Amino acid sequence: MAGDQELKLLGSWASPFVIRARIALNLKGVGYEFLEEGLGTKSELLLKSNPVYKQIPVLIHNGKPICESMIIVQYIDEVWAAAGPSILPSDPYDRAIARFWAVYIDDKWFPLLWKIIIAKADDEETAEAAEQVIAGLQLLEEAFEKCSKGKDFFGGKSVGCIDIALGCYFGWVKAAEKMAGVKLLDKEKIPLLMGWAERFCSADAVKELMPEVDKLIEHGKMVRARLNAAATN
Amino acid sequence: MEVKLFGAWPSPFVCRVEWALKIKGIKYEYIEEDLYNKSSSLLKYSPINKQVPVLLHDGRPIIESMVIIEYIDDTWKQNPILPTDPYRRAMARFWAQYVEDKFYESVKRAFFTEGEEQKVAVELAVEALKPLDQELKGKKFFGGEEIGFVDLVAGWIAHWLGVVEEVLCIKVVDPENFPSLCAWMKNFVEVPVIKENLPARDQMPGFYRMLRQSGLASCDGKQQS
């Protein structure tokens, strides 16, 4: 099926949002052409395929672009439903729970993590943001207990929607810890999540995709510098 | 199969869920919440957000209005709200998210700020409307001939935005600049299930003025979430 369909993914190695799409494609065993966008540059194809946001990831399937990472993940799950394990749960209530956590992670939790990543040195808000990130992780620890029902992942036996939504940020959490000198991952406070994170990062569909933390730190510093320069102009 | 909805009469997020329930012909019990004095039930069912709407189906809560609408569509198959084709579903989700993230957020910022910050927010809101107007060209509704997911999520523009414009003394949707959007607004509020389920227009400015005042008062120089 993948042979006579054209599938391209516009992305970047560092972007957690791109990693989401790639995990989903790996789970379904679908081949695709990966087109790397450089930091600070936007290709013609990207601008044409995503004129509204001009952002990665963009999945282009037989010439039709699909944008926004969790929308791409759901699209992949629906188009290649039979090709691999379900990413969204089959039960409507469980799907609603998965969608809720994906929204929480992106709208409430990640902006706090991002604040830490781009904070200037000695920023007073960093400590507060770190506390809120940790509080969020504790909510997610409870969610993991409920959703996993004793199995390896939020999705049960295999990597699912919430695993993808949260797991993609794992490298960046570690990078933020080093960049800002804060401890976010505490085995005492989030033992289940720490176990989950290890399993997630070593899952077949994920392991080749998680970037090295040192490279993310370097990348994060560049992004931070660019943002701070733009802010002072 | 018991369905309950915790809501508040002026909330566009509650309204869009009610529209979805009514489109599907689902019977439900409506529980009005006082947003300034939330019930213990609401706080129990929505401990993180502490907000309406909350849908309770056989005792299990579902929260976040767009998540609720997808849940309704997944659970009750008659009168589909989202398209069946995966690409069209992805497009529907994309535009719904766009309305929330780009347009609604700018309007919300304009609503809870003053002066230069408000001016910038209004400009961003107007800018954000352009792709929406473009998306509507040649279509009666975002969903095509019938209303769909995007129409429900964007529906607040057709009835609530005018109230915001009145309270802030601004103009966001100019018929000259956004002809397709204006036509859509007129068509949307004429759809029977929508027309019969809108909060009283004359009661809204008072509520929203109070909401703005309490928002400005609690904002100590930092942006409200």
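Cut-off values and rules
Numbering of residues starts from 1 in every chain and runs along the sequence as written. Chains and ligands are labelled by the order in which they are written, letters from A for the one and numbers from 1 for the other. pLDDT decides what is reported in this predicted model: residues at 70 or higher carry local features, side-chain atom pairs at 80 or more are listed and counted, and totals for whole chains, interfaces and linings draw on all residues regardless. To obtain the side-chain values, all non-hydrogen atoms of the structure were included, while hydrogens and water were left out. Counted as salt bridges are all cases of a side-chain nitrogen of Lys or Arg within 4 Å of a carboxyl oxygen of Asp or Glu. Starting at the N terminus, helices and strands are each numbered in turn, a helix being any DSSP run of H or I of at least four residues and a strand any DSSP run of E of at least two. Exposed residues in this analysis have more than 50% of their type's maximum accessible area, buried residues have under 20%, and partly exposed residues fall in between, with area computed by a 1.4 Å probe over protein chains only. Here a pair means two rings of Phe, Tyr or Trp (six-membered ring of Trp) with centres within 6.5 Å. Their orientation is stacked below 30 degrees between planes, edge-to-face above 60, and tilted elsewhere. With a 1 Å grid spanning the protein atoms alone, the term cavity applies to any set of points in which a 1.4 Å probe fits but cannot get out, the term pocket to an open set with protein on both sides within 12 Å along at least five of seven lines, and the term lining residue to any residue with an atom within 4 Å of a point. Grid points are joined across faces, edges and corners, and a volume is the space filled by probe spheres set on the points.

Considering the pattern of salt bridges
Scanning all chains against the criterion turns up 22 salt bridges over all chains. The salt bridge involving R93(B) is made with E78(A); its shortest N-O contact spans 3.1 Å. One end of the pair, R93(B), is in helix α4 (residues 86-111); the other, E78(A), is in helix α3 (residues 69-79), on a second chain. With its nearest N and O atoms 3.2 Å apart, the salt bridge here joins E166(B) to R201(B). Linking E166(B) in helix α8 (residues 161-168) with R201(B) in the loop between α10 (192-195) and α11 (204-218), this pair joins segments that are 35 residues apart in sequence. For E166(B), a relative accessible area of 37% puts it in the partly exposed group. With relative accessibility at 33%, the residue R201(B) sits in the partly exposed group. Three or more residues are tied together by salt bridges with common partners; here these are E78(A), R95(A), R99(A), E70(B), D74(B), R89(B) and R93(B).

Let's talk about the packing of aromatic side chains
Given two aromatic rings, their pairing is described by the distance between the two centres and the angle made by the two planes. All names here are of chain B. All chains considered together, the criterion is met by 28 aromatic pairs over all chains. Ring geometry for W95 and Y98: centres 5.4 Å apart, planes at 75°, overall edge-to-face. Here the residue W95 and the residue Y98 both occupy positions in helix α4, the gap between them amounting to three residues, near one helical turn. Comparing W95 with Y98 shows no difference in burial state: the two are buried. Look at F111 and Y208: their rings are 6.1 Å apart centre to centre, the planes differ by 80°, and that puts the pair in the edge-to-face class. Here the residue F111 occupies a position in helix α4, and Y208 occupies one in helix α11, the gap between them amounting to 97 residues. Neither residue differs from the other here; F111 and Y208 are each classed as buried.

Here we look at empty space enclosed by the protein
If a probe the size of a water molecule is rolled over the atoms, the empty space left behind becomes visible. All names here are of chain A. In total, this model carries one cavity of 30 Å³ or more according to the counting rule given. Roughly 90 Å³ of volume is contained in the largest cavity. Around the largest cavity, the lining residues are W109, L137, L166, Y169, F170, V173, L185, I190, L193, M194, W196 and A197. Elements represented by at least two residues in the lining of the largest cavity include exactly α7 (170-180) and α8 (191-202). Considering every element that reaches the lining of the largest cavity, the biggest residue donor is α8, with four residues.

Shape is all these values report; function is a separate question.
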